[in-house]
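A structural walkthrough
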Amino acid sequence: MRKETVAIRSQLNRSEFQEHSVPLYMTSSYVFEDAAQMRRRFSEEEKGNIYSRYSNPNVSEFIEKMALLEGAESGWATASGMAAVFTVLGALLKSGDHIVSSRAVFGSTHKLLTEILPKWGITCTYVDAVNYMGYAEAIQANTRLVYLETPSNPGLEIIDLQRITALTSGKGITVVVDNCFATPFGQQPLPLGADISIHSATKFIDGQGRSLGGVILGSSELIKKIEGFARHTGPCISPFNAWLLSKSLETLSVRFERHSSSAHEIARRLEEHSKVDWVRYPFLTSHPDYELAKRQMQSGGAIVTFQIKGGQQSGQTFLNSLQLFSLTANLGDTRSIATHPASTTHSKLTREERASVGISDGLIRLSIGLEHPEDIWDDIEKALEES
Ligand SMILES: *Cc1c(COP(=O)(O)O)cnc(C)c1O
């Protein structure tokens, strides 16, 4: 079956009540038939649920669907996207190991790489997203992991995953891709050679701004290591959130198609607007890596970034003039969202650090929602006129 169908039709078996929609298994533990079964479950001789920090039917369904959508052997779900990032790094690395990471990573990921992991002797070297020579030079004898975000946030740089995996091949390096901006309907890092794909399910996968969640996808061997770490450190997702997210996957393909077609049109119109310095969108021919984006991705996604003429001042006026857009820190919601990365998601970085990842004071990030595209454009156009 095609992915669109899989996302809808792969679900748990019906219970004795023959419900059409999967029920919520809001339970912390599971009852054993007898002492012998309890022993078999704990010793992993027998598969089955023991305790919801380890597994839960709703969580398993969510993981199973995500694995099918991304072509992964296995997966693990977490309480948030950051829990997924931390679990991967915590499970796979040890003191003395080294990470090479693309420079423009999510704000909290940056904190983790530069302030938290060094406490445990794990170090990181950043490389500009598309500096392939830079990656080759940054890889050391103790480099165990390459961490990439593509498209990057908020600069929307596109990294050639096959070029990176060609560099790391045979060196015992795990390539991890944060695939949050693309969703499984926009890009599948694993068939392109990556070892692990991570999502913040909080964004497009939930898609309605309700719940946090994260998911890690990869080979059975790698997920086994991740499971060993996660079972005992407890970054597990709530059954309720997994249930919501699994339901949300049923509509993701349709939502993402609409997000992307509206975003593409908005990006095209912004590019022609006299108040706009430049626009960045993967499927605009003006994107420096347009050819690669078309090859590596199935759609351009919902995120559009642009620089308004007049810098910080006009940027603030623009945000304050928007009526329809929400000013909020989320993205990938049904509702269109505008943010100002310099004062929000990337405010913990210094101005120099922001500049090095392409975030100027006047940069605006739009997450194009599912409202009628003409209403979205009307709001942007009016706000631009007032700025
Ligand atoms: C939001 C986000 C995260 C973190 O996810 P949470 O669910 O907020 O913890 C990680 N990476 C990217 C690209 C994100 O947008």
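Residues numbered from 1 in each chain as written. Predicted model: local features only at pLDDT ≥ 70, side-chain atom pairs only at ≥ 80, totals over all residues. Heavy atoms only, no water.

**Quick notes on the UniProt feature "modified residue: N6-(pyridoxal phosphate)lysine" (unreviewed entry) in the chain**
The feature "modified residue: N6-(pyridoxal phosphate)lysine" (unreviewed entry), as annotated in UniProt, sits at Lys203 in this numbering. Tracing the chain through its elements places lysine 203 in the loop between strand 6 (196-200) and strand 7 (214-218). With residues near it in sequence (within four places) discarded, lysine 203 still touches Phe106, Cys180, Asn330, Leu331 and Gly332. (UniProt positions renumbered as here; feature names shortened; annotations may be inferred. Helix = DSSP H or I, 4+ residues; strand = E, 2+ residues; numbered from the N terminus. Contact = heavy atoms within 4.5 Å.)

**Observations concerning the site of the ligand**
The ligand sits among Ser80, Gly81, Met82, Phe106, Glu149, Asp178, Cys180, Phe181, Ser200, Thr202, Lys203 and Gly213. Glycine 81 is positioned with one of its backbone polar atoms (N or O) 2.8 Å from an oxygen atom of the ligand. One of the side-chain nitrogen or oxygen atoms of threonine 202 is found 2.5 Å away from an oxygen atom of the ligand. Contact with the protein chains hides 92% of the accessible area of the ligand, taken as 380 Å² for the molecule alone. Classifying every residue of the shell around the ligand gives four nonpolar, five polar and three charged. (Near = heavy atom within 4 Å. Polar contact = N/O pair within 3.5 Å; in protein donor to acceptor, adjacent residues only side chain to side chain. Areas by Shrake-Rupley, 256 points an atom, 1.4 Å probe, with all protein chains shown as cover. Nonpolar A, V, L, I, M, F, W, Y, C, P; charged D, E, K, R; others polar.)

**Concerning the sheet that holds strand 1 (residues 74-78)**
If you walk across this open sheet you meet the seven strands as 1-7-6-5-4-2-3, and the pairing is mixed. Either end of the sheet is taken by a strand with one partner, and the two such strands are strand 1 and strand 3 (123-127). Within the sheet, the average angular offset between the axes of one strand and its neighbour, ignoring direction, is 20°. Examined bridge by bridge, strand 4 (residues 143-149) and strand 5 (residues 174-178) share five bridges and lie parallel to one another. In the strand pairing of strand 5, leucine 148 is matched with valine 177. Packed on one face of the sheet, helix 4 (residues 81-92) meets strand 1, strand 2 (98-102), strand 4, strand 5, strand 6 and strand 7 and runs near 150° to strand 6. Lying on the sheet, helix 9 (residues 220-233) is in contact with strand 1, strand 5, strand 6 and strand 7; it crosses strand 1 at an angle near 25°. (Pairing = 2+ DSSP bridges. Axes fitted to C-alpha atoms, helices over the stretch in contact; angles between N-to-C directions.)

**As for the nonpolar core**
Leu148, Leu270, Val304, Phe306, Phe318, Leu366 and Ile380 are the most contacted members of the largest nonpolar core, which totals 47 residues. When residues of this core are assigned to their parent elements, the largest contribution, five residues, is made by helix 14 (residues 373-386). The contact partners of phenylalanine 318, leaving out residues within four places of it in the chain, are Phe306, Ile308, Ile364, Leu366, Ile380, Ala383, Leu384 and Ser387. Within the second largest apolar cluster, 29 residues are counted, among which are Ala7, Leu156, Leu217 and Leu249. (Core = buried A, V, L, I, M, F, W, Y, C linked by side-chain atoms within 4.5 Å. Buried < 20%, exposed > 50% of the residue type's maximum accessible area, 1.4 Å probe, protein only.)

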